[in-house]
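Topology and contacts: notes
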Protein chains: 2
Amino acid sequence: MDNTVTRLAILGSTGSIGRQTLDVIRSLSPRFSVAALAAGQNLDLLRQQIEEFRPGYVYCEGEKALNDASTGYETLSLEEIASHEQVGTVVIATSGKSGLSATLAAVRAGKNVALANKESLVMAGEIITCEAEASGASILPIDSEHSAIWQCLQSEVQSATSVILTASGGPFRSYSLEQLEQVTAAQALKHPSWQMGPKVTIDSATLMNKGLEIIEAHWLFDVPFENIRVIIHPQSIIHSMVEFADGSVKAQLSYPDMRLPIQYALTYPERLPNPELPRIDWDNITELTFEQPDLDKFPCLKLAMEAGRKGGTYPSVLCAADEVAVDLFLSGAIGFTDIARLVEQVLEEHQTVSRLTLEDILATDAWARQRVNELTGGVASW
Amino acid sequence: MDNTVTRLAILGSTGSIGRQTLDVIRSLSPRFSVAALAAGQNLDLLRQQIEEFRPGYVYCEGEKALNDASTGYETLSLEEIASHEQVGTVVIATSGKSGLSATLAAVRAGKNVALANKESLVMAGEIITCEAEASGASILPIDSEHSAIWQCLQSEVQSATSVILTASGGPFRSYSLEQLEQVTAAQALKHPSWQMGPKVTIDSATLMNKGLEIIEAHWLFDVPFENIRVIIHPQSIIHSMVEFADGSVKAQLSYPDMRLPIQYALTYPERLPNPELPRIDWDNITELTFEQPDLDKFPCLKLAMEAGRKGGTYPSVLCAADEVAVDLFLSGAIGFTDIARLVEQVLEEHQTVSRLTLEDILATDAWARQRVNELTGGVASW
């Protein structure tokens, strides 16, 4: 077997990050081979991907329906794929909670874990980072912000003294509180600078996404919460910044295109030329602007900071309540500003546990989901 | 002798960079000791520095006048200091041509050479980089732009695909050609963002400084001239940027303060906390702007790019003619726009040599200086 070929498992291959990961692999072929693919319900696309990339192992929620495919492969569970000996790097591109157990399986198996799923680290950052230290697994961030921080930290002898996470501010940056009450799902799904899946797009509009990234950055880079700040940068060119002990700041810049952080995670520590990736046209960049986030208009950011600082199972409540609330908003059952109200109420009701286990996290997750559903049983009160 | 103490020689200790180097050493004491000081004519300040830092070796152009000082030290030549066995790192903070022979002596002796003097690399970049490779000397850039590039390149496996040098644009960025004709030395000495010595301040106003930096960047980072561009960034917060094979760009940011690049060169690869160094206040940064340089209004930038590309002794002509022309402008003998005209004419008259030696460089330097003086003998014609 050629050691220069990286054997990938892509969990969530039919989602936005999964599809872009396969785009990168097409561009950089034959440097990578696809050992395994895993997807949820998009059977048509998964069949096409199996046809094109010929993985040895497949997981699909709609497995029975898939079995009519003629291409030979073995079906395995997400955890079996994530820890399989034929897999070198696991790309966790599932959204929401579904990535957690696969991330843990990959980390425990000492894999390179290219992590696009925010919830894994937010819910179980302490467990995952401890397990990674024990097994020697590398966690390679795929989020554009964390990739930026990671790129800026390369070979610095000391760690960062502070991290400045940039945020586009989402489509409602300049809306009033009254306007935010009226926002529809269709409006919220139109992000000004990034093309992403629906969950993360809504989270970007509420700034919950940035809040989750704060918690993620805390675990990935071992930076205390008080040294992580968020700054609104509507052009989404600077993807984040890092400050060092001498006051010097490094930033990473590019047009918003997830294929760059995906590729960097896959080729790290190398960088490979890829003509598909856009280059900044400095003839047409005239300004980069910055604003402070408005925590009154975007309370999800504040809720996430508080949940991160309090730790324990609070971040799991945050994730679970948000995931259910976003689904309810997308289905039209609740309003845009109800997302933060629901998350806040469930966080207030929660009592964290003193010593965190995976079971605590999963029990908390189930409880928080149930509470949101109970609270919105009478949607009219929201 | 304690190995954790870096023994420094500071050539040009009474100039702007030299004084700021001593500021950094005061802040980081006892990490550094001053083994040697060298200065030109500012005897009062040099005496104070000798009193405070107690160097073992001193060079001074006004040496005899200095000998009345009671503090014990040995007087040596610049080259003897630069190559002295008691010196680990040589800070070349002299301005203009005077740093060249000392830089070469330090490089040949395999020292760490913290280089603030642009002219050394511009005139003799090929010789200096070859000698450094042979001796194992490290060239540590002190210019803010080259320090920025150097910081961004740390630990990247591949070299940069392109370099974006930022320029404040100087005090006359928005002047018309007619207004530029009327600029006085007093106006030109007021730089909008940097506090520097007179030569580099005038070079910043003509953009010659940025042109010299292009040539310097070419030699320091082995980047072809066609992959180096200049962009005007009036806030002087981003000090330069580097683009990589995958299109990712890294930038280094800080308030304009030369103590940061000085300190980084002295502590590299570490960064040390220094409460004297300012930190960017993100509450008050609302925009970073960018413009293209106007080569018609600032022809020195174009002249430098051409001289760099042509190579040989052309960059020496550029440096020498500019140095004399800036002196003439500062003395009121010629106008602001005459600087570029004189440099251009002397460059046009010049025939480069085919194989470059230090003797060629010094002969070219002498010739170009003489030609500027000849051409301005009748100043009225300019």
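Everything numeric in this text was worked out from a predicted model, so none of it was measured. (Residues numbered from 1 in each chain as written. Chains lettered and ligands numbered in written order. Predicted model: local features only at pLDDT ≥ 70, side-chain atom pairs only at ≥ 80, totals over all residues. Heavy atoms only, no water.)

**Considering helix α6 (residues 118-135) of chain B**
Residue and element names in this part refer to chain B. Compared with an ideal rise of 1.5 Å per residue, which puts 18 residues at 26 Å, α6 spans 21 Å between its outermost C-alpha atoms and falls more than 12% short. At Ala124, α6 shows its largest kink, close to 100°. Those residues of α6 that fall on the buried side of the exposure criterion are Lys118, Glu119, Ser120, Leu121, Val122, Met123, Ala124, Gly125, Ile127, Ile128 and Ala132. Capping the start of α6 is the job of one residue whose side-chain oxygen sits 3.2 Å from the backbone nitrogen of Glu119: Asn117. Just downstream of α6, Gly136 is the residue with a positive phi angle, here 85°. (Helix = DSSP H or I, 4+ residues; strand = E, 2+ residues; numbered from the N terminus. Expected span 1.5 Å × (residues − 1). Bend = angle between axes of the 7 residues up to and from the residue. Buried < 20%, exposed > 50% of the residue type's maximum accessible area, 1.4 Å probe, protein only. Polar contact = N/O pair within 3.5 Å; in protein donor to acceptor, adjacent residues only side chain to side chain.)

**Overview of the packing of aromatic side chains**
Per the stated rule, a full pass over the model turns up 14 aromatic pairs over all chains. Each ring, one from Phe172 of chain B and one from Phe336 of chain B, has its centre 5.2 Å from the other, and the planes form 75°; the classification is edge-to-face. Taken together, the residues span a long stretch of sequence, with Phe172 of chain B in the loop between β8 (162-167) and α8 (177-181) and Phe336 of chain B in the loop between α14 (314-330) and α15 (338-349) at a distance of 164 residues. The residues Phe172 of chain B and Phe336 of chain B share a single accessibility class, namely buried. Among the aromatic residues, those joined into a ring-pair cluster are Phe172, Tyr175, Phe329 and Phe336 of chain A. The ring of Phe244 of chain A carries the charged tip of Arg271 of chain B above its face, separated from the ring centre by 4.6 Å. One residue, Lys310 of chain B, lies across the ring of Tyr314 of chain B, its end atom 4.2 Å from the ring centre. (Phe/Tyr/Trp six-rings, centres within 6.5 Å; stacked < 30°, edge-to-face > 60°. Lys NZ or Arg CZ within 6 Å of the ring centre and 35° of its normal.)

**A short note on the relation of the copies chain B and chain A**
Note that the two copies of the chain are related through a rotation about an axis and a translation along the same axis. Least-squares fitting of chain B to chain A yields an RMSD of 0.0 Å, with the transformation described by 0.0 Å of translation along the axis and a rotation of 180°. The superposition of one copy onto the other is thereby described by a two-fold rotation axis. Looking at chain B, 100% of its interface residues are interface residues in chain A too, so the copies touch through the same face. (Least-squares fit on C-alpha atoms with pLDDT ≥ 70 in both. Contact = heavy atoms within 4.5 Å.)

**Quick look at unusual backbone geometry**
Omega for the peptide link from Ser29 of chain A to Pro30 of chain A comes to 5°, which places this bond in the cis form. Inspection of the secondary structure puts Pro30 of chain A in the loop between α1 (16-28) and β2 (32-39). Notably, Leu207 of chain B is not glycine yet its phi reads approximately 70°, a positive angle. Even without a glycine there, the phi angle at Ser236 of chain B is positive, about 50°. Counting through the fold element by element, Ser236 of chain B comes out in the loop between β9 (228-232) and β10 (238-243).

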